[in-house]
Amino acid sequence: MEMNDRLTIGRLALTGPGAQLRKQPRPNEPAENGATFKEALERTTLKFSHHAEARMAQRGIALKPETLAKIVGAIDQAEAKGAKDSLVLYRDIAMIVNVPSRTVVTAMAGHSVHGGVFTQIDSAVVVT
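Residues numbered from 1 in each chain as written. Predicted model: local features only at pLDDT ≥ 70, side-chain atom pairs only at ≥ 80, totals over all residues. Heavy atoms only, no water.

A.B. asks: I'd love a proper account of the nonpolar core, names of residues and values included.
C.D. replies: Ranked by size, the top nonpolar core spans 22 residues in total, and within it Ile61, Leu63, Ile71, Val88 and Met95 carry the most contacts. Sorting the residues of this core by element identifies helix H2 (50-58), helix H3 (65-80), strand S5 (85-90), strand S6 (93-98), strand S7 (103-109) and strand S8 (123-127) as the ones contributing at least two each. Those residues in contact with Met95, other than ones at most four positions away along the chain, are Leu63, Ile71, Ser86, Leu87, Val88, Val104, Thr106 and Ala107. Core analysis: the second largest hydrophobic core is formed by 5 residues, Ala94, Ile96, Met108 and Val113 among them. (Core = buried A, V, L, I, M, F, W, Y, C linked by side-chain atoms within 4.5 Å. Buried < 20%, exposed > 50% of the residue type's maximum accessible area, 1.4 Å probe, protein only. Helix = DSSP H or I, 4+ residues; strand = E, 2+ residues; numbered from the N terminus. Contact = heavy atoms within 4.5 Å.)

Here you go:
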């Protein structure tokens with residue numbers, strides 16, 4: 001073993017020369033900011049309901065990773081303002097998102113977005 005190799009003992013890890021032993025966080029153990037690892041992961045993840053997945057497949061909606069990152073950023077903005085159910089508009093794609101669960105409930109694209117009426121939302125975010 002070299003000095004730069006990582007040594008793990010149970011939940012303790014020693015890394016690099018002169019490093020001190022530190023406790024490895026458990027998945028459900030609060031991190032330094034008070035959130036568990038699972039909660040932190042869920043804040044950066046976007047889920048799709050079965051209905052949304054079916055609508056996206058039916059309507060030919062495919063999202064690239066960079067597009068998903070922009071949408072997650074929009075959901076972060078909506079969450080910061082206290083939104084619960086938000087309309088997220090990205091180019092010609094409209095999605096209804098349950099903000100607390102970070103779940104896309106439904107999605108539509110193209111001409112079905114124009115002239116549409118969106119109900120049971122408390123906010124809208126336009127993604128640029």
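From this point, things continue past the structure.
A.B. asks: Lay out the sheet that holds S6 in plain terms, naming residues and giving numbers.
C.D. replies: Read from one edge to the other, the open sheet built from 5 strands follows the order S4-S7-S6-S5-S8, with strand pairing classed as mixed. Every interior strand has two partners, whereas the edge strands, strand S4 (47-48) and S8, have only one. As paired elements, S4 and S7 share 2 bridges and run parallel to each other. Counterpart to Phe48 in the pairing with S7 is Val104. (Pairing = 2+ DSSP bridges.)

A.B. asks: Explain the environment of His51 residue by residue, including any values.
C.D. replies: By the secondary structure assignment, His51 is in helix H2. In the structure, His51 is positioned 53 residues away from Val104 in sequence and 9.0 Å away in space, judged by C-alpha atoms.

A.B. asks: Any chance you could break down the pattern of salt bridges for me, citing the residues and the numbers?
C.D. replies: All told, the structure shown has 2 salt bridges when counted by the stated rule. For Asp76, the salt bridge is made with Arg102, and the minimal N-O distance between the two is 2.5 Å. With Asp76 in helix H3 and Arg102 in the loop between S6 and S7, this pair connects stretches of sequence that are 26 residues apart. By relative accessible area, which is 36% here, Asp76 ends up partly exposed. We note a salt bridge from Arg102 to Glu79, for which the minimum N-O separation is 3.4 Å. Highlighted residues: Arg102 in the loop between S6 and S7 and Glu79 in helix H3, separated in sequence by 23 residues. One salt-bridge network, held together by shared partners, links Asp76, Glu79 and Arg102. (Salt bridge = Lys/Arg side-chain N within 4 Å of Asp/Glu carboxyl O.)

A.B. asks: Give me the lowdown on H3, citing residues and values where you can.
C.D. replies: With 16 residues, H3 should reach 22 Å at 1.5 Å per residue; the first-to-last C-alpha distance of 23 Å fits that figure. Residues of H3 that are buried include every one of Thr67, Ile71, Val72, Ala74, Ile75 and Ala78, and no others. Take H3 and look down its axis: the buried residues cluster within an arc of 160 degrees, on one side only. Turned more than 90 degrees from where H3 packs its buried face, Pro65 and Ala80 sit exposed. (Expected span 1.5 Å × (residues − 1). Arc of directions from axis to C-beta.)

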